Amino acid sequence: MKRIGLIVFPGFQVLELAVIAAFELANIHAGKPVYKVELLSEEGGLVRSSSGVSADTRRFGTARFDTLLMTGALTLLPTSEKMRRYLRASLRNARRVASICTGAFGLADAGLLDGRRATTHWAFAQELQQRHPAVKVQPDRIFINDGPVWTSAGMTAGIDLVLALVEEDMGVETARYVARKLVVYHRRAGGQSQYSTLLELEPRSDRIQQALLHARANLRDALSVEELAEVAHLSPRQFSRAFKADTGQSPAQAVENLRVEAARALIDEGNLALGVVAQETGFGDPERMRRAFLRTMGQPPQSVRRTARQQAGALATA
């Protein structure tokens, strides 16, 4: 039996306890207790969540767990020295250590993420990078697996992470069964975006916003800086400078991200050949599109298509 420890603390987000259901359903599918989930805290007993709902826990100590999951909160809360010591020991004693949402800050405070790729809720990603420069923060990811350490994005992304853990332990069929019972996709790939490109860029200037809307509506065009600058009624030099100041990206980066987002939607929605998808979204050829996907998503279009078909199959049999 694999013991799963779910660590909570005063003010934790109660929605993250939903991941327990994934382990429970995996047991049902297996017809035997493969997983045993225990709620852990520093002092044990009832621990009050941010919503006022309390969870009954046992005090964490020397007991060994297969997997430890650190929950998060709606706001950043300080990590005690006792918690940090326990998390550091967990990396030696457990097979896997994972975090949900802002639980990544607890792992980072304990040094578990130094030198590793990690993610968290997009709204806190910059703060995580500033506090812990040794962490390779990747804000545009649903979840990340770096060796024995896993991190996930917002609260519901914890379900995607746990589905991946179940798939690693028990295979794809069990993970599909769990996803169907939870009425979720077979699982979003770890590289899937947390949010849309336009929301990410959040331009303050109406001129830059108009240029981005023009780009999204005309992805098949070349979309040179000169063309976008003309839409914004600025010189190319002024436009490039203003665009970078407003969005933090170059026009070329933003256009590539818009194209990847549109291509991913086409791949998810239908059976267009990848060459056609590349043409429709302005990449021109599949190789150029593949390189862009690897840069922005960490996986090629073929993997995205494979995941989309798996998800469609799971929904069809739900």
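Residues numbered from 1 in each chain as written. Predicted model: local features only at pLDDT ≥ 70, side-chain atom pairs only at ≥ 80, totals over all residues. Heavy atoms only, no water.

(A) Up close: helix α9 (residues 225-232). Along α9, the residues that are buried comprise L228, A229 and A232. All buried residues of α9 lie within an arc of 100 degrees about the axis, which places them on one face of the element. The exposed set on the far side of α9, more than 90 degrees from its buried face, consists of E226 and E230. Trailing α9 by a residue or two, H233 shows a phi angle of about 60 degrees, which is positive. (Buried < 20%, exposed > 50% of the residue type's maximum accessible area, 1.4 Å probe, protein only. Helix = DSSP H or I, 4+ residues; strand = E, 2+ residues; numbered from the N terminus. Arc of directions from axis to C-beta.)

(B) Main features of the sheet that holds strand β9 (residues 143-146). With mixed pairing, eight strands are arranged side by side in an open sheet as β3-β4-β2-β1-β5-β6-β10-β9. Edge positions in the sheet fall to β3 (45-48) and β9, since each has one partner strand and no second. The mean inter-strand angle of the sheet, taken between neighbouring strand axes irrespective of direction, is 30 degrees. Packing against the sheet, helix α1 (residues 19-30) makes contact with β1 (2-7), β2 (35-41) and β5 (67-70), and its axis sits at approximately 155 degrees to β2. Helix α5 (residues 157-170) contacts β1, β2, β5, β6 (96-99), β9 and β10 (149-152) of the sheet and is inclined by roughly 145 degrees relative to β10. (Pairing = 2+ DSSP bridges. Axes fitted to C-alpha atoms, helices over the stretch in contact; angles between N-to-C directions. Contact = heavy atoms within 4.5 Å.)

(C) Structural context of the side chain of Q13. Its place among the elements puts Q13 in the loop between β1 and α1. Looking at Q13, the relative accessible area reads 11%, which means it is buried. Reaching out from Q13, the side chain makes a polar contact with the backbone nitrogen of L15 at a distance of 3.0 Å. Among residues more than four places away in sequence, those in contact with Q13 are S50, G72, A73, L74 and M155. (Polar contact = N/O pair within 3.5 Å; in protein donor to acceptor, adjacent residues only side chain to side chain.)

(D) Broad picture of the environment of R241. Tracing the chain through its elements places R241 in helix α10 (residues 236-247). Overall, the relative accessible area of 53% leaves R241 in the exposed class. In sequence terms R241 and V14 are 227 residues apart; their C-alpha atoms lie 44 Å from each other.

(E) Broad picture of the pairing of β6. Residue alternation in β6 divides its side chains into two sets, R96 and A98 and V97 and S99, and both sets are buried. With four bridges connecting them, β5 and β6 associate as parallel partners. Looking across to β6, one finds that T67 is bridged to R96. Once you follow β5 into helix α2 (residues 81-93) and on to β6, the crossover reads as right-handed. Summarising the sheet, β6 and β10 pair through three bridges and their orientation is parallel. (Right-handed = clockwise from strand over helix to strand, strands pointing away.)

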